[in-house]
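# Architecture and fold: a report
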Amino acid sequence: MMKSFLLVLFCSFAMLTQAQQPTGKRSISGIVHDANNLPLVGATIKSTRTNQGVVSDDSGKFIITALSNDTLVVDYVGYTTQRVPVLDKTILNITLIKNNIGDLNDVVVIGYGSVEKKNLTTAVASVDAKKLTEQSSTTNIIQGLQGKVAGVSIFQNSGKPGGSPTIRIRGTGSINASNDPLYVIDGIVGADPNTIDPNIVASVDVLKDAAASAIYGARGANGVVIITTKEGSKGSSVISFNHTSSISSLERELKLLDANGALEMIKRQYAYSDKLPPNLDPDNDFARKSELFNADGSPKYNTDWQKEATRSAYSTNNSLSFSGGNQKMSVLANVSYKNQQGIMLNSYQKQINGYLNIGWDVKPWLHLQANINGGAYEGNNVELNTLGLNAIRETYEFLPFLPVTYADGTYSRKGDYPGAENSENPVKLLNDIKDIQGNIYAQSSFIATVHFSNKLDFTTSWGGQYAGPYENYYAGKTVFGVSETQNGVAQRTNGTNAGWTNEEYFTYNTDFGKNQLNVVAGASWYYNVSSSTKAGSENFFDDYFTYNSLQTGTVLEQPNSSKIEYQLNSYYLRPTYNYDNRYIISGSLRADGSSRFGKNNKYGTFYSLSGAWRLSNEAFFKPALNAVNDLKLRVSYGVVGNSEIGNYATLNQLSSQVAVFNGSAAAGVILTNLGNNDLKWERQNQFDVGIDGSFLHNRISFTGDYYSKKTTDLLYLKQLPATTGYQSTWDNIGSIRNRGIELAITTKNIVSDNFDWTTTLNYSMNRSKVLDIHGDILSEWAGRIEEGRSLDEFYGYTRIGTWGSNEQQEAAKYGRKPGDVKYLDRNNDGAINADDQLYLGHKLPRYEANFTSTLRYKQFSLFVDVQTMQGNKIMDFSRFITEGDNPNVNTYTSILNAWTPDHQNTRLGALRTTVEQNSAMGIDNFTIQDGSFVRIRNIGLNYSFPEKLLQQWKLQKLSVGIQAENYFLFTKYTGYDPEISSFGGGLNQGVDVYGYPKPKIIALNLNLTF
């Protein structure tokens, strides 16, 4: 079928080109300079026909091979892009004019091709390489994108080293399927962005609306992030080195009880029952009492566990690049090394990465491009067992009158104080548990472009990916509550994930009169296989071996293994028609076949249509061109799909189990998932209308979009009655809608030779609504999903205070007494139950914005980045767990505001021991806090050495800088940080269960090019 498909395409395009022969290439040399005739070093010169490019050397000179009817696109940051026809010239003298803001001639990658920004008909945002690394602590591309694109929400939910942000493009559209975007790196679809060093990225293009992402069909529902890496420079050799050293520390400390405060809390708890606490009770001579307390019951220790469990962490980030080439070949090589130390003791991530990109003009009609990227990363994860008694949780809850270690070297335990919850010391947990998680990875692509004529190209690409994730875990022999009873636990998990992608497509370009036509048509194949094995053992005679010798443990754990395969086959078509650079229309059609779906719905068809009207090119608009330099209206509609539900969902599934019969273990299987042969693609229909403009001689640029997207045929994991014998089945049920507004404005406020000031503002607002889930009501962490409501709402009771001494009789009607928490009886039925619950706010911000300001004075530049999220709430489970009536752990200082006979105007119930019933009923508005914030994410001062010194030192560029990150946070939230999710974001954004705290960072950076 494929051969026939390609043959038909080839013959069709061959007829259109009228059997034209390839146009010969020749060498073009030239120089790029500014209006003052000063050479521009590092300007990009790119052929529109061959898509190959070079970079000008330290004299502004370049050499490139181009077709005789080619056009060269010459680009330099801060200058207006020029398009220079080659014609019969062999030497070019190119002058670039300084531009106030981004040029409309910039090329935007849109998938299987590119287009000039001015001719875009869809919602696509581009971010250049420099913006990705503005923040020195950026270790991956997604971090670098935060705040750069309106409509793209990126939540840095954890401060742990290597923590991957959560990214959502135009809201959350699915309940059970993935909401993550598709990543495309140098044509490799589905690549992992964490494996790419941001320093080798040339640009990132984000396809936001369905019309833009429809070319990726079933994988484009959540948007597409296209990452293009740098290529080597022809005609010159360049070496670049970037280094960052930083020191991180705890961003802010929580207001937790000190030793005296904790003892006051405990004293009140025991007083509730007319008893004395253990430290004041002369009849309670518990072990270590004399080591912990003076004769009067006062504490001997006052331990600040936040200080003991954290540290000032030193990190480095290094990147070294080599770039060069000749007329026919270009090479870029890069090696990078990162050592990111976490602020929690013993947490870290290290990564080494190597990258090679080679471009070769083999013949005038054949260009080859190959790149290889590989490396490894490894780190110690201390954010273990989110709901368990882990080290981060114990940093909150461990009693401050206990020491880290006693005089005999023994670690303290919380249970050393009678009545307290018994758990392990956080410092011991951080020292004696290792969870080493890592990955060895490689990805490569090989692209061949055949120029059949000056109108027709054929591209074939092969991409491969490999990942070898692993996890090595060991918990020591004496770690209480984790591995003490097992006498040490060791586990090793190893996996492999390998896949390949093949793309074959034709690109046809022609123009006749005022008409321009571009057509892309092709097919793709994708295959992926993954496997994993896990083994473990217990009962070690010594901690020396850790996870390196499982056979040393005499008790073996049950091993397990798995293997999964996945395949995808696609065919696509995208024509684009441009009339007189005024009216542009584009459409796409894609058919996808996936092994994930039932035999009755293996293939899905996805399509889009978009158009743009460039008003500023109309004759009637000429009088306004002095004020409005460019104005374009866009409208688009598209249908895309989502297939991210895992594999084998359409098949009846069995799960292995071990049961005991007659005293012996016996293996067996149980029914789990009921197959569904009719399962089909989740579909997203999206409408977008947008406006792009630039004003006042391009000193102001503006982009605005309104979108409405509706997800139908939701991929929904439906729970089944026990009588079926199965636990669940996948089905297509219901629909969700997201609507929103996006605004992006960049202004060049001051422009002069010695002083520039540029500002950028991005604003996003999204509203979701559950239209149909067949009447089901779903529960998420502290939240609820039902028809007619938003997808991201908290749900619970309304706490209105506490029952006062004068309300004894009224309280008794509800089974309460003075000092108990008082709730709103919404229906006045004399009972507090589920009928009194209501919606308590949104997990996601009602709007978010990012503002950046860059001031340059001569060689100095000052950069400020401000982020805000407004209107969202946070469920703080640390308060929910520790600020009840009867805490048996340490907690916040606010607990001392609890009810007493002399202090009754409070929402905290009277303190009591765990023997007494807690009067708090569950999630309520007291533990759900305002999560709005304004953060100055980054303040950076940079100095670039002047040209005269660089010439003396034979350097192209040298700059040094200092940055302060996360030093200023303005919020009412009382936890570590309001940008939080302990469960990976998505439907549980804003749920804080003892998350890894974010650091504040001071960083020094050096950038050197020669």
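Parameters and conventions
Residue positions are given per chain, counted from 1 along the sequence in the order it is written. The predicted nature of this model means local features are confined to residues of pLDDT at least 70 and side-chain atom pairs, given and counted, to a pLDDT of 80 or more, with totals for whole chains, interfaces and linings taken over all residues. Hydrogens and waters are ignored; side-chain quantities use all the structure's heavy atoms. UniProt positions are given in the numbering used here, feature names are shortened, and annotations may be inferred rather than shown by experiment. In the sections that follow, a salt bridge refers to a side-chain nitrogen of Lys or Arg positioned within 4 Å of a carboxyl oxygen of Asp or Glu. Runs of E in the DSSP output that reach at least two residues are strands. Runs of H or I that reach at least four are helices, and both are numbered from the N terminus. With a 1.4 Å probe rolled over the protein chains alone, any residue whose accessible area is under 20% of its type maximum counts as buried; one over 50% counts as exposed, and the rest are partly exposed. Patch membership requires more than 30% relative accessible area and the absence of a salt bridge. Residues of like charge join within 9 Å; the nonpolar side chains Val, Leu, Ile, Met, Phe, Trp and Tyr join within 5 Å. Surface exposure here means Shrake-Rupley accessible area, sampled with a 1.4 Å probe, where a residue is shielded only by the protein chains that are shown. Note that domain bounds follow an automatic or database assignment of domains. Any two residues having at least one pair of non-hydrogen atoms within 4.5 Å are treated as being in contact. Joining two parts hides part of their accessible area as seen by a 1.4 Å probe, and the buried area is that hidden amount summed over both. Polar contacts, as used here, are pairs of N or O atoms within 3.5 Å; protein pairs need one atom able to donate a hydrogen and one able to accept it. Residues neighboring in sequence count only if both atoms are side-chain atoms. Under the scheme applied, nonpolar residues are Ala, Val, Leu, Ile, Met, Phe, Trp, Tyr, Cys and Pro; charged residues are Asp, Glu, Lys and Arg; polar residues are all the others, including Gly. Note on ring pairs: Phe, Tyr and Trp rings are taken, using the six-membered ring of Trp, and paired if centres are within 6.5 Å. Classes follow the plane angle, with under 30 degrees stacked, over 60 edge-to-face and the rest tilted.

- The chain is annotated in an unreviewed UniProt entry as TonB-dependent receptor of Arachidicoccus ginsenosidivorans.
- Checking UniProt for the chain, the heading Subcellular location (unreviewed entry) contains the comment "Cell outer membrane".
- In its Sequence similarities (unreviewed entry) section, the UniProt entry covering the chain states "Belongs to the TonB-dependent receptor family."

### Re the pattern of salt bridges
- Summed over the entire model, instances satisfying the criterion amount to 47 salt bridges.
- The salt bridge partner of Glu484 is Arg413, with a shortest N-O separation of 2.7 Å. Of this pair, Glu484 sits in the loop between strand E23 (456-475) and strand E24 (489-512) while Arg413 sits in the loop between helix H8 (391-397) and helix H9 (426-432), and the two are 71 residues apart along the sequence.
- The exposure class assigned to Glu484 is partly exposed, which follows from its relative accessible area of 30%.
- Between Asp432 and Lys428 there is a salt bridge, and its shortest N-O distance comes to 2.7 Å. Of this pair, Asp432 and Lys428 both sit in helix H9, 4 residues apart, which is roughly one turn of the helix.
- The class of Lys428 is buried, set by a relative accessible area of 7%.
- Here the salt bridges do not stand alone but share partners, grouping Arg170, Lys208, Lys632, Arg634, Asp688, Asp692, Asp705 and Glu742 into one network.

### Considerations on the UniProt feature "domain: TonB-dependent receptor-like beta-barrel" (unreviewed entry) in the chain
- UniProt records the feature "domain: TonB-dependent receptor-like beta-barrel" (unreviewed entry) for residues 395-957 in the present numbering.
- The straight-line gap between the two end C-alpha atoms of residues 395-957 is 46 Å; of that span, 5% is helix and 54% is strand.

### So, a nonpolar patch on the surface
- Together, Leu573, Leu589, Tyr607, Val635, Tyr637, Phe687, Val689, Tyr706, Ile741 and Leu743 make up a nonpolar patch on the protein surface, roughly 780 Å² of accessible area in all.
- When contributions to the nonpolar patch are tallied by element, the ones reaching two or more residues are strand E30 (628-642), strand E34 (682-695) and strand E38 (735-751).
- Take Ile741: it is sitting in strand E38.

### A closer look at the domain arrangement of the chain
- Structurally, the chain comprises domain 1 (26-98) and domain 2 (107-238).
- Taken residue by residue, the interface counts 8 residues in domain 1 and 8 residues in domain 2.
- Buried surface at the junction of domain 1 and domain 2, summed over both partners, amounts to about 810 Å²; 49% is from carbon and sulfur atoms.
- Remark: the boundary between domain 1 and domain 2 carries 1 salt bridge.
- The partner of Glu116 in a salt bridge is Arg83, and the shortest N-O contact between them spans 2.1 Å.
- Across the contact surface, domain 1 and domain 2 share 1 residue pair in polar contact (both at pLDDT 80 or more).
- Per-element tally for the side of domain 1 that touches domain 2: the top contributor is strand E3 (residues 53-55), with 3 residues.
- Looking at the side of domain 1 that touches domain 2 residue by residue, the class counts come to 4 nonpolar, 2 polar and 2 charged.

### Some points on the packing of aromatic side chains
- Counting across every chain of the model gives 32 aromatic pairs.
- An angle of 90° between the planes, with centres 5.5 Å apart, marks the rings of Tyr474 and Phe540 as edge-to-face. In this pair, Tyr474 is assigned in strand E23 and Phe540 in the loop between strand E25 (515-538) and strand E26 (555-556), connecting sequence segments 66 residues apart. As far as the burial class goes, Tyr474 and Phe540 line up, both buried.
- Look at Trp781 and Phe983: their rings are 4.7 Å apart centre to centre, the planes differ by 15°, and that puts the pair in the stacked class.

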